[in-house]
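What the coordinates show
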Amino acid sequence: MPGQLPAPDFDASRYERPNDAWICGHHCVGKPCPLGPSPNGQCRTNAECKPLLESKPGETKGRWRCTRPREQGGPCEDGPQPDGSCGHPVIPCAPRPSLRRLRGRFTWGICALLAGLVLLASGSRWRWHFINPGPLTSAHSSLGFSPRTHSPSPNANSCAACHEAAAGEIGHWVKSALGANPAPWDLQQFAPVVGGPHPMTGIDLHCTACHPHHERHQPSVADEASCSSCHQEHRGTQFAAPSDDRCADCHDQPAVMAAASIRGHGLPSAQFDPPAPPGVRSHLTPRPQGGRTNLFAEFWKGHPEFGVLRQKSTDATALRFNHAVHLGESVRIDGRMLACSDCHVADPSGASMARVQFKPHCQVCHGLQLDPAHPELTVPHGDTAAARAAVRSLPLAYAELARRKGLHSRVEVDHFAQTNLARLRVMFGSGETLERLVLRTAEARPGTGGLAGERRAHFAGCAYCHVVSESDQISPVTPPDRWLPAAHFNHARHAQLDCQHCHAAHTSRQTSDVLLPSQQVCVSCHQPAGGAPAGCATCHSYHLLKPPR
Amino acid sequence: MKARFYQRRALASATLLVAVVLLALAMQRMTPVIRSLTFLTGWLLLAVLLFLTGYNFFKKLSFLPLGSSRTWLQLHVYSGWFSVALFVAHLRARWPSGGFEGLLTTFFVLTSLSGIAGLLWSRLVPRRLTARGGEVLFERIPVIRRELADRAEKLALASTTGSGSAVLAEFHARHLAGFLRGPQHFWRHLIGSQRPILRLQARFADLSRFLDSSQRKALAELEELVRTKDTLDYHHAQQSSLKLWLFTHIPLTYGTLLLTVLHVVLVYGFAAGSATH
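Attention now moves to the overall build of chain B. Along the backbone of chain B there are 10 helices and 0 strands. Taking 2.2 N^0.38 as the reference for a compact globule, 277 residues should give roughly 19 Å; the C-alpha atoms of chain B span a radius of gyration of 28 Å, well beyond that estimate. Projected onto its principal axes, the C-alpha positions of chain B cover 95 × 45 × 35 Å. Here chain B holds 277 residues, and 44% of them are scored as buried. A separation of at least 24 residues holds for 79% of the contacts in chain B among residues at least 6 apart in sequence. For chain B, the distance from the average site of its 32 positive side-chain charges to the average site of its 14 negative ones is 15 Å.

A count of helical and extended segments in chain A gives 18 helices and 8 strands. Relative to the globule expectation of 24 Å for 549 residues, the C-alpha radius of gyration of chain A, 48 Å, shows a markedly less compact shape. Across its three principal directions, the C-alpha atoms of chain A cover 175 × 60 × 50 Å. In chain A, the proportion of contacts linking residues at least 24 apart, taken out of those at least 6 apart, comes to 61%. Taking the average location of the 53 positive side-chain charges in chain A and that of its 46 negative ones, the two points are 4 Å from each other.

Attention now goes to the packing of helix H4 (residues 69-91) of chain B against helix H5 (residues 99-132) of chain B. All names here are of chain B. Here H4 crosses H5 at 150°, and the two axes come no closer than 11 Å. Our classification of the angle between H4 and H5 gives roughly antiparallel. Judged by the sense of rotation from one axis to the other, the crossing of H4 with H5 is left-handed. Counting all contacts with H4, which are made through Gln74, Val77, Trp81, Ser83, Val84, Phe87 and Leu91, the residues of H5 involved are Thr105, Phe108, Ser112, Ile116, Leu119 and Arg123. A per-class count over the contact of H4 with H5 returns 8 nonpolar, 4 polar and 1 charged.

Attention shifts here to the confidence of the model for chain A. Residues and elements named next belong to chain A. Overall, the predicted model of chain A reaches an average pLDDT of 85, with 93% of residues at or above 70. No element of chain A has a lower mean pLDDT than helix H3 (residues 145-148), which averages 65, and none a higher one than helix H17 (residues 519-523), which averages 95. Of the regions scoring below 50 in pLDDT, residues 152-156 engages in 3 contacts with residues more than four places distant in sequence or in other chains. Low pLDDT (under 50) marks residues 448-455, which in the prediction has 13 contacts with non-local residues, meaning those over four places away or in another chain.

Another point: the interface of chain B and chain A. Contact residues are listed per partner, giving 61 residues for chain B and 76 residues for chain A. For the pair chain B and chain A, the summed buried surface comes to about 5,700 Å²; carbon and sulfur atoms form 66% of the total. Viewed at the interface, chain A and chain B are joined by 0 salt bridges. The interface formed by chain B and chain A contains 6 residue pairs in polar contact (both at pLDDT 80 or more). When residues of the side of chain B that touches chain A are assigned to their parent elements, the largest contribution, 23 residues, is made by helix H10 (residues 213-272) of chain B. A class-by-class count of the residues in the side of chain B that touches chain A yields 31 nonpolar, 16 polar and 14 charged.

The subject of this paragraph is the pairing of strand S8 (residues 374-378) of chain A. All names here are of chain A. Here strand S7 (residues 369-371) runs beside S8; their pairing, made up of 2 bridges, is antiparallel. Bridge assignment links Asp371 to a residue of S8, and that residue is His374. Between S7 and S8, which pair antiparallel in sequence order, lie 2 residues.

This next bit is on helix H7 (residues 167-181) of chain B. Residues and elements named next belong to chain B. Across its 15 residues, H7 extends 20 Å between first and last C-alpha, which sits within 8% of the 21 Å expected from 1.5 Å per residue. For H7, the principal kink sits at His175 and spans about 45°. Within the span of H7, buried status applies to Leu168, Ala169, Phe171, His172, Leu176, Ala177, Phe179 and Leu180.

We now examine the packing of aromatic side chains. On inspection of all chains with the given rule, the structure shows 14 aromatic pairs over all chains. Ring geometry for Trp173(A) against Phe270(B): centres 5.4 Å apart, planes inclined by 85°, an arrangement best described as edge-to-face. Placement of the pair is Trp173(A) in helix H4 (residues 170-178) and Phe270(B) in helix H10, with the two residues belonging to separate chains. For the pair Trp173(A) and Phe270(B), a shared accessibility class is recorded, and that class is buried.

So, on to helix H7 (residues 244-251) of chain A. By the burial criterion, the buried members of H7(A) are Asp244(A), Arg246(A), Ala248(A) and Asp249(A). Taken together, the buried residues of H7(A) touch helix H6 (227-230), helix H8 (254-264) and helix H18 (536-539) of chain A.

This part is about the side chain of Asp371(A). All names here are of chain A. Note that Asp371 resides in strand S7. We classify Asp371 as buried; its relative accessible area is 0%. Among the polar contacts listed, one links the side chain of Asp371 to the side chain of Tyr398, at a separation of 2.7 Å. There is a polar contact of 2.4 Å between the side chain of Asp371 and the side chain of Arg423. Setting aside residues no more than four positions away along its own chain, Asp371 makes contact with Tyr398, Asn420, Arg423 and Leu424.

On to the domain arrangement of chain B. Residue and element names in this part refer to chain B. Domain assignment breaks chain B into domain 1 (2-94) and domain 2 (133-277). A separation of 37 Å is found between the C-alpha centroids of domain 1 and domain 2. In this complex, domain 1 contributes 9 residues to the contact, which on the side of domain 2 involves 11 residues. Broken down residue by residue, the surface that domain 1 buries against domain 2 is led by Phe39, Trp43 and Thr53, which jointly contribute 56%. At the surface where domain 1 touches domain 2, the tally comes to 0 salt bridges.

What follows covers a positive patch on the surface. Residue and element names in this part refer to chain B. Positive charge collects at one region of the surface, where Arg188, Arg195, Arg199 and Arg203 lie side by side. Here the positive patch takes 3 residues from helix H9 (residues 195-208), the largest share from any one element. Here Arg199 shows up in helix H9. You can call Arg199 partly exposed: its relative accessible area is 47%.

About the criteria used
Residues numbered from 1 in each chain as written. Chains lettered and ligands numbered in written order. Predicted model: local features only at pLDDT ≥ 70, side-chain atom pairs only at ≥ 80, totals over all residues. Heavy atoms only, no water. Helix = DSSP H or I, 4+ residues; strand = E, 2+ residues; numbered from the N terminus. Rg over C-alpha atoms; globule rule 2.2 N^0.38 Å. Buried < 20%, exposed > 50% of the residue type's maximum accessible area, 1.4 Å probe, protein only. Contact = heavy atoms within 4.5 Å. Lys, Arg positive; Asp, Glu negative; His and termini not counted. Charge placed at Lys NZ, Arg CZ, Asp CG, Glu CD. Axes fitted to C-alpha atoms, helices over the stretch in contact; angles between N-to-C directions. Parallel < 35°, antiparallel > 145°, perpendicular 65-115°, else oblique. Left-handed = near helix turned anticlockwise from the far one by under 90°. Nonpolar A, V, L, I, M, F, W, Y, C, P; charged D, E, K, R; others polar. pLDDT = per-residue confidence, 0-100. Buried area = accessible area lost by both parts, 1.4 Å probe. Salt bridge = Lys/Arg side-chain N within 4 Å of Asp/Glu carboxyl O. Polar contact = N/O pair within 3.5 Å; in protein donor to acceptor, adjacent residues only side chain to side chain. Pairing = 2+ DSSP bridges. Expected span 1.5 Å × (residues − 1). Bend = angle between axes of the 7 residues up to and from the residue. Phe/Tyr/Trp six-rings, centres within 6.5 Å; stacked < 30°, edge-to-face > 60°. Domains from an automatic or database assignment. Patch = residues over 30% accessible without salt bridge, like charges linked within 9 Å, V, L, I, M, F, W, Y side chains within 5 Å. Areas by Shrake-Rupley, 256 points an atom, 1.4 Å probe, with all protein chains shown as cover.

Take a look at the structure:
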């Protein structure tokens with residue numbers, strides 16, 4: 001065991017002052033003076049004591065007495081000098097800063113260095129990169145953005161388009177911060193927002209300079225909502241989808257929806273129709289009375305049925321088509337029943353279905369052969385004038401066919417043509433009758449359309465599938481590419497499902513049948529229990545409409 | 001006493017846990033309702049940071065009935081843990097991608113880590129000192145060291161006078177005077193190594209064989225002084241580390257505060273709702 005620490009005879013009566021800024025210069029060698037340095041770091045000890053003048057009654061001069069404290073050895077033997085000074089002078093020390101003072105200096109030094117570095121960075125050409133909290137969206141960081149911004153000065157950077165503070169230096173930043181709306185000391189900024197959208201703030205007004213109002217959503221939006229409550233800029237190259245709560249701020253608020261309904265009253269319905277992408281046909285459902293102002297908070301809780309189903313819209317495509325027959329037992333290709341994918345193929349993106357086209361999808365079964373004995377002869381598709389011309393030029397067509405079959409003499413060619421024309425007359429009657437059958441007859445003829453024992457359905461005539469007018473014009477076949485233009489859907493993400501899970505095509509016998517799944521079918525998966533994403537932004541984009549010009 | 005300590009720690013930990021859970025719930029439930037939840041957590045964090053920074057100030061207000069320094073330390077420690085939770089909530093557990101915000105985050109993280117390291121170290125050092133023995137005020141160490149050195153010198157000189165042999169005086173001058181004059185083996189004491197004192201004790205053992213009984217007695221006293229000085233050096237090293245640790249924690253704290261002020265300026269000047277053109 002070491003000796004006792006400190007030793008029993010150690011004088012512990014000395015008062016330590018660890019919080020003093022200065023310590024005696026003799027402290028490190030273990031001989032600090034009892035008085036210690038002054039508060040401003042000056043040594044104030046030059047002797048071991050300050051002698052005291054004592055005089056007895058009647059004495060005029062008196063005697064100097066040593067006052068050295070007991071812990072310093074008590075009064076010295078020599079006593080003070082005749083002039084009253086101490087006989088044991090002390091060498092003055094150079095007081096040293098205490099550890100606490102050194103720490104304070106070090107701390108302020110670090111802070112000063114940091115402040116200097118920050119000021120340097122804030123005043124340098126890289127200051128915008130330095131204070132930028134994160135990457136901008138691609139639209140706001142493009143080269144085309146700066147010229148379109150309303151920068152307050154020609155030299156202003158594109159930050160100043162949205163941030164007024166960016167037009168000046170750091171002093172201006174402070175001024176902008178103090179003049180912010182809401183201000184830093186405004187407690188209203190923390191107040192809960194209940195019963196409506198979040199109110200506009202100062203920064204939102206910069207958004208509306210380029211994106212005026214909320215007409216890109218619906219012209220009936222009654223209250224301006226804060227752009228930045230949904231769109232968090234400086235969070236990446238794309239805006240993250242807003243949360244459902246932001247949508248519910250309006251769509252689950254009776255007062256807000258009522259105001260929207262009133263504002264939308266009388267506005268032309270066309271103003272509410274979402275535009276279709278170029279080359280895409282959309283089915284536009286008439287806007288309901290009162291607008292789309294149903295109250296709901298979540299897709300699986302109160303979202304209205306899709307408008308096209310709710311309004312019992314029909315498919316007005318000018319084509320006679322029976323899904324049930326095509327998917328039934330009677331129609332087979334290469335011995336197997338037809339599958340949806342035989343006709344419905346996804347577009348290159350996989351998100352949507354490409355249009356069904358006659359040649360790749362229908363013609364494999366629905367050949368256009370006119371004469372069952374010579375299937376090589378076909379009627380052109382898609383043009384009634386061309387079809388009529390083909391019927392009227394049948395003699396030439398047979399003659400050409402004869403040559404292709406190796407008959408070269410005129411007699412043989414004429415004989416071939418006349419024989420076949422005569423056979424056609426027996427089958428169909430006169431040329432006018434045949435022409436009417438090709439163009440106008442909607443009913444299947446005997447031997448037409450059946451596939452039993454044969455691969456192809458015989459040509460029944462244009463009107464078998466198409467709507468042919470009195471003037472022999474075929475109504476254009478323009479089925480909608482998008483049935484729900486206000487939403488987006490991705491077929492590829494649903495590829496693991498069977499088509500019939502959503503589309504009741506096996507029971508559809510009319511073209512007018514709309515084979516969309518109901519909202520409840522979607523909800524079966526798109527709800528928290530279903531596991532599929534069910535947020536508003538899964539299907540919808542806030543900015544539905546074109547920006548107003 | 002120990003039961004009370006554990007009771008107090010359990011109560012404080014439970015309070016901290018409840019506060020963190022409430023914070024998590026508030027972040028989850030209030031996000032749809034309060035637009036500026038991030039602002040709210042930010043101001044709350046700043047308030048906690050100011051409270052943490054003011055710890056050194058509050059504990060010195062001894063003239064006010066504000067509780068003991070120990071109570072303030074406990075408040076400082078648990079507020080520090082809560083500030084970490086607040087910081088994570090404020091950042092939504094995401095490391096910022098901006099340069100300035102990254103700098104501020106780095107400062108906060110380093111401040112927190114230095115605080116945690118200091119907390120652990122301040123728990124370890126007293127145990128080590130208690131295990132080693134002795135109780136010395138840090139400010140008195142130079143005086144005690146000087147006293148030990150003076151005693152050793154007197155002992156060596158007295159031995160010379162008494163025995164007529166200068167062996168002990170030479171041994172003192174060669175091996176002990178330097179050792180006793182100032183603090184020694186700082187880093188070795190910090191890690192608890194006893195190699196230096198064992199080496200010195202081996203020298204004492206070597207010398208002891210060549211001395212007579214009176215000199216051996218003086219040598220034993222010298223050895224005792226050396227061992228006491230070694231313990232004093234141990235105290236010096238351990239207590240110094242506690243003082244020097246603050247050279248990291250405090251500058252980082254003030255640096256974080258400084259950057260936080262600029263952060264507030266940037267947030268309100270650029271983001272929250274800066275004035276219109």
